[in-house]
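Understanding the architecture of this molecule
Given next are the chains, with one letter for each unit.
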Protein chains: 2
Amino acid sequence: MGHIGKQTITFKEPPVITYAYATAGPKEVQGPMGKYFDHPLEDELLGEDTWEKAEARMVQLTIQGLLDRAGKTPADIHYIYAGDLQNQVIASTFGVKDFNIPFFGLYGACSTMGESITLASMCIAGGMADLVIAGTSSHNCAAEKQFRFPLEYGGQRTETQTWTTTASGFVLLSRCGEGPKVTSVTPGKIVDLGVTDTFNMGAAMAPAAVDTILAHLEDTNQTPNDFDAIITGDLGNCGYDIAIDIAGKLGTDLSGVLQDCGKLMYDDEKQGTNCGGSGCGCIASIFTGYFYKQLVEKKLKKILIVPTGALMSPGSTQQGNTIPGIAHAVCIEMK
Amino acid sequence: MGHIGKQTITFKEPPVITYAYATAGPKEVQGPMGKYFDHPLEDELLGEDTWEKAEARMVQLTIQGLLDRAGKTPADIHYIYAGDLQNQVIASTFGVKDFNIPFFGLYGACSTMGESITLASMCIAGGMADLVIAGTSSHNCAAEKQFRFPLEYGGQRTETQTWTTTASGFVLLSRCGEGPKVTSVTPGKIVDLGVTDTFNMGAAMAPAAVDTILAHLEDTNQTPNDFDAIITGDLGNCGYDIAIDIAGKLGTDLSGVLQDCGKLMYDDEKQGTNCGGSGCGCIASIFTGYFYKQLVEKKLKKILIVPTGALMSPGSTQQGNTIPGIAHAVCIEMK
């Protein structure tokens, strides 16, 4: 393995994603992706008394589902990489703590699935562990309360606003075994074009998504046509169009190959989600629930997943800061 | 390199900490460690209009100081690993964004210096980068406002309470070069003994510190006497005593070798800090400002730094959750 180009790492012995597991909430299960989730939730509270605890419980259920599917116990796992949107990544903390697995807490906003798979892949490819788990989560009610308004407030949603997904996705990465392989990663830079509208996160993240995609293509000397799909998460409808536009102006046509998990998650018209889905759990659950299976079944052979994050807090916005974006690209191939 | 024992990684080609840089606030500069900090601050606002922006500026100044010392430009650096205590690690985000270096955002509470050096070392040792930066920060006024009370409230401090440090420390890790080397790392598990007192973080973190130290000793078949110092950060006075006590009951005498950056940072009696220092920046600035230089001058040959974090948010505590702890151990040797 080694570092190539500006910011890409290619793995000589690519880690294998031997198992993946997706959990999703009731609204997500009613959407177009609904049938692909491994663990559909009937209740967004999961028997807990707060949204925050419900998200932690969802993380725990997702990791347990992954372990069960893989026939592994927590003692088999060397490290776990996880993060979420809650202040001080509390959903991950309380979701993983009882597994007793050494833990790396991450914060990458909605880019966290890219960050966790990247760091976990580096660990395996560097020969530092045999089995690691990586993933993330988001919960609509916990996130809306923390970042915007409590649901009970009933605030009207803007046209450019996305719907924070209640979902979680985790993968098991292995040094050996069968399955799709992580062949290269391009960790992203923070890109800040000065967007300040917290109701238009797609616009804030689109420049970062394009920056990382173009860096990956340049570093690896490839074109968009070398991929069956380039999958961002989650630009939503507005951000998607902006990304296509920016890339086009920079001379790269992504229109035939770019998909976005924010666009895939809901039927916006029927479900009232306006501009699509968002939240760390969106691409995490759609990758683990849908695209991973497409790879295993060899319906897709090579994809680039590009989780994108808007790096802000309510406090930073209230203090007049911009909303910088970040995106991490992970190339996954099935031979 | 490879994975040994329960949770330790030893590096066959250990990354070199070629440079380190410490920034500290006015109160910290007046303490016993004051003369060792590279960049003493005269003003906790650093010319900004909010504490939060001041912390981001401190991160920026520390990274710039490190780059200047090393004679490097941002373009020389492959990746940067950083995190802080602010919601959504906003101090790191805004502190690193203008350097245009691919960024991994971390959250490990006050264990973040251990987490960032661990992940950065794995990147270098795995042959995936030549030069990376790792570090963290904390700001007293930003942290107190977010986790406890705004300073203006003038709340009385408890006897067991530590003082959140205004400080930042960053290191440059290199595949080649001269300097202290990271020879092994032991990423920690989350340990939760049910502590719920947010004014006694030392008690919440001590069990995790001991768990990771004992795991490191067991995995590497060493005793405390194999180290010139085992340095936690930041248990403070109460947590330090608890750690010695727990380790003793488990059959390991740490009393001759254990130091704690929370105990080292202030003159508690003169400075009114009660139970010592805390915050990610405490061990970060004392390691980079003091211990790193002791290693370079070969006054110390082998140390184990063990940054410890209390994994809570105001929300998790208000919802009745416990305060789990985590600690990551990093062995640093100078030959």
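Residues numbered from 1 in each chain as written. Chains lettered and ligands numbered in written order. Predicted model: local features only at pLDDT ≥ 70, side-chain atom pairs only at ≥ 80, totals over all residues. Heavy atoms only, no water.

Turning our eyes to something else, we now look at unusual backbone geometry. Generally, phi is negative for residues other than glycine and the peptide bonds are trans, each holding for most cases. Residues and elements named next belong to chain A. Following Gly-233, the chain continues to Asp-234 via a peptide bond in cis, the omega torsion being 5 degrees. Take Asp-234: it is sitting in the loop between strand E11 (229–233) and helix H7 (236–249). In this structure, Asn-274 is a non-glycine residue whose phi angle is positive, near 60 degrees. Along the polypeptide, Asn-274 turns up in the loop between helix H9 (268–271) and strand E13 (277–278). (Helix = DSSP H or I, 4+ residues; strand = E, 2+ residues; numbered from the N terminus.)

Once that is clear, we can look at the nonpolar core. Within the largest apolar cluster, 114 residues are counted, with the highest numbers of intra-cluster contacts made by Ile-63, Ile-133 and Ile-230 of chain A together with Ile-63, Ile-133 and Ile-230 of chain B. Core analysis: the second largest hydrophobic core is formed by 100 residues, Val-132 of chain A together with Met-33, Ile-231 and Cys-261 of chain B among them. (Core = buried A, V, L, I, M, F, W, Y, C linked by side-chain atoms within 4.5 Å. Buried < 20%, exposed > 50% of the residue type's maximum accessible area, 1.4 Å probe, protein only.)

As a further point, take the pattern of salt bridges. Tallied over the entire structure, the rule returns 22 salt bridges over all chains. When the shortest N-O distance is used, the salt bridge between Arg-175 of chain A and Asp-130 of chain A registers 3.0 Å. A residue pair is termed long-range when its members are at least 10 positions apart, and Arg-175 of chain A in the loop between strand E9 (167–174) and strand E10 (181–186) and Asp-130 of chain A in the loop between helix H4 (112–125) and strand E7 (131–138) qualify at 45 residues. With relative accessibility at 36%, the residue Arg-175 of chain A sits in the partly exposed group. Across the salt bridge formed by Asp-49 of chain B and Lys-53 of chain B, the nearest N and O atoms sit 3.5 Å from each other. The class of Asp-49 of chain B is exposed, set by a relative accessible area of 60%. For Lys-53 of chain B, a relative accessible area of 19% gives the class buried. Linked through salt bridges whose partners overlap, the residues forming this network are Asp-38, Arg-69 and Lys-293 of chain A. (Salt bridge = Lys/Arg side-chain N within 4 Å of Asp/Glu carboxyl O.)

Moving on to the domain arrangement of chain A. All names here are of chain A. Segmenting chain A into domains produces domain 1 (2–174) and domain 2 (181–333). Just the C-alpha atoms count here: the centres of domain 1 and domain 2 sit 17 Å apart. Listed as interface residues are 64 residues of domain 1 and, on the opposing side, 61 residues of domain 2. Across the domain 1 to domain 2 interface the summed buried area is about 4900 Å²; carbon plus sulfur atoms make up 63%. (Domains from an automatic or database assignment. Contact = heavy atoms within 4.5 Å. Buried area = accessible area lost by both parts, 1.4 Å probe.)

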